[in-house]
Amino acid sequence: MKLQRTNRLRAIAVGALAVSGALVLTACGSDTNTSGATKEAAAKIKCDGKGKLLSSGSTAQKNAVDAWVKNYQAACKGTQINYKDIGSGGGVQEWLQGTTAFAGSDSALKPEEVATSKKVCKGGQGINLPMVGGPVAMSYNLPGVDNLVLDASTTAQIFDSKIKKWNDPKIKKLNPGAKLPSTDIQPFHRSDESGTTQNLGKYLGTAAKDDWKYPDEKSWQAKGGQSASGSAGIAQQVKQTEGAIGYFELSYATANNLDSVKIDTGAGKPVEATSENASKAIADAKVVGKGKDLSLELNYATKAEGAYPITLVTYEIACDKGNKKSTLAATKSFLNYTASKDGQSVLSELGYAPLPDKIAEKVRSTVPELS
């Protein structure tokens, strides 16, 4: 079973790399190598607007945007899209300064950012359009242990340096029959500010509030453990350190052939970090935005069957009214495609979670109304 799983993960990782490589060719103006799959996707895209479309923001959605841009530009030769993965905070700031058509962010706009957006959105304000979902995997390096199960309480105590050995009774209770070693636990966290850290904090603060007393900030709050820069940095440390555990987007686990924790949420059986299970968690979310704003409140304490609770959603941020006339048509055209069934269908193979139909339909009805 593990060999089959490893081969499957390798295939996903290779597919993601292939998409990134293909985008480089597209960005250089070469479309002679457009694949049959891309041509088929391109044929369904309705082009509108021409010229350059600038955007920036979340690194978490970069591989998804790369795939979307490749398909879109294969159909819409007159539009050139440039997305810079500078982080959610940087992307929002560039958009608030009026230098980009839309921003990508792994957290919804703050109230003060909405207020500032009214200077950019003449007669309107910034709104959040959910577009990409994905599980935050907790991967570990523990030879001989293939199906590790943790719950919110044990996870909180591990990352708070209160559970220090892998054969701790609390972990053994969740893993009857597993040969857990007495190896020291080496928890790794992000050294830089991260939406992934914030989402893990929201999960622990909600589902294990008695064990996790820290605010859900983008910077790491707990004491102890070791740090590394970026998801790639943590994944590398986990891969080379026996006894390690860390957290990052699922694509980093697949690319590094790392085993990931199954989470005991209180549902019928522990839940694996997969795109499908992340989509089930997003389906359990509530739309809390007003008007055209579709910001979500995720249920980190979900007990829905098969719903993976540590899930990240990235938003595309634009004006409900007052978008720049020069880029409005192209922005709507591109976001119409990304929210479409064809646009969402490319996400699973890259380790992302497509939007549940109920939420996707709200996005699809909102984008055409942008003005």
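From a predicted model like this one, the values you see are computed outputs, not experimental measurements.

### What to know about the overall build of the protein chain
Looking only at helices and strands, one finds 14 helices and 13 strands in the protein chain. Counting all 371 residues of the protein chain, 55% fall into the buried class. Taking all contacts inside the protein chain whose residues are at least 6 apart in sequence as the whole, residues at least 24 apart take part in 75%. On the protein chain, roughly 16,500 Å² of surface is accessible, and the fraction owed to carbon and sulfur atoms is 50%.

### Quick look at the pattern of salt bridges
Inspection of every chain in the model, using the stated rule, returns 7 salt bridges. Close ionic contact of Asp-160 with Lys-162 constitutes a salt bridge, the shortest N to O distance being 3.5 Å. Residue Lys-165 is joined to Asp-184 by a salt bridge in which the shortest nitrogen-to-oxygen separation is 2.5 Å. Taken as a pair, Lys-165 in the loop between helix H6 (152-159) and helix H7 (169-174) and Asp-184 in the loop between H7 and strand S6 (186-190) lie far apart in primary sequence, 19 residues in all. For Lys-165, a relative accessible area of 38% corresponds to the partly exposed category.

### As for the packing of aromatic side chains
Enumeration over the complete set of coordinates arrives at 7 aromatic pairs. Aromatic pair Trp-212 and Tyr-214: ring centres 4.9 Å apart, planes at 70°, arrangement edge-to-face. Looking at Trp-212, the relative accessible area reads 6%, which means it is buried. What makes Tyr-214 partly exposed here is its relative accessible area of 25%. Through a chain of ring-to-ring contacts, the aromatic side chains of Phe-159, Trp-212, Tyr-214, Trp-220 and Tyr-247 assemble into a single cluster.

### A word on helix H4 (residues 88-96)
Those residues of H4 that fall on the buried side of the exposure criterion are Ser-88, Gly-91, Val-92, Glu-94, Trp-95 and Leu-96. For H4, the elements touching its buried residues are strand S1 (51-57), strand S2 (79-84), strand S3 (102-105), helix H5 (111-117), strand S4 (126-140) and strand S13 (311-319). Taken from the residues just after H4, Gly-98 is the one with a positive phi, measuring 80°.

### Let's talk about the pairing of S2
Every second residue of S2 is oriented toward a common face, the buried set being Thr-79, Ile-81 and Tyr-83 and the non-buried set Gln-80, Asn-82 and Lys-84. After leaving S1, the chain enters helix H3 (residues 62-75) and then returns to the sheet as S2, a path that is right-handed.

### Describing the nonpolar core
Of all hydrophobic cores here, the largest spans 63 residues; its most connected members are Leu-148, Ile-171 and Ile-245. No other element matches the 5 residues that S13 contributes to this core. Formed by 34 residues, the second largest nonpolar core is a distinct cluster that contains Ile-81, Phe-102, Leu-350 and Ala-360.

### Here's the deal with the state of the cysteines
In this structure the tally under the stated criterion is 2 disulfides. Covalent S-S linkage joins Cys-121 and Cys-319, the inter-sulfur distance amounting to 2.0 Å. Between Cys-121 and Cys-319, the disulfide has an S-S torsion of -75° and is therefore left-handed. Here the residue Cys-121 occupies a position in the loop between H5 and S4, and Cys-319 occupies one in strand S13, the gap between them amounting to 198 residues. Assigned by exposure class, Cys-121 and Cys-319 land together as buried. Along the protein chain, the cysteines that take part in disulfide bonds pair up as 1-2, 3-4, counted in sequence order.

What counts, and at which threshold
Every chain is numbered on its own, with residues counted from 1 as its sequence reads. Residues qualify for local features only when their pLDDT is at least 70, as the model is predicted, and side-chain atom pairs are given and counted only at 80 or more; totals for whole chains, interfaces and linings, by contrast, use all residues. Here the side-chain values reflect all heavy atoms present in the structure, with hydrogen atoms and water set aside. Runs of H or I in DSSP of at least four residues are treated as helices and runs of E of at least two as strands, each being numbered from the N terminus. Whether a residue is buried, partly exposed or exposed follows from its accessible area with a 1.4 Å probe, protein chains only, as a fraction of its type maximum: under 20%, in between, or over 50%, in that order. Contacts between residues were defined by any pair of non-hydrogen atoms, one from each residue, lying within 4.5 Å. Surface accessibility in these figures is a Shrake-Rupley result with a 1.4 Å probe; residues are shielded only by whichever protein chains are displayed. The term salt bridge refers to a pairing of a side-chain nitrogen on Lys or Arg with a carboxyl oxygen on Asp or Glu at a separation within 4 Å. Pairing of aromatic side chains here covers Phe, Tyr and the six-membered ring of Trp, requires ring centres within 6.5 Å, and sorts the geometry by plane angle: under 30 degrees stacked, over 60 edge-to-face, intermediate tilted. Assignment of crossover handedness uses the view with strands pointing away from the viewer, where a clockwise path from the first strand over the helix to the second indicates a right-handed crossover. Buried Ala, Val, Leu, Ile, Met, Phe, Trp, Tyr and Cys residues that are joined via side-chain atoms within 4.5 Å together make up what is termed a nonpolar core. Disulfides are defined in this document as cysteine sulfur pairs within 2.5 Å.

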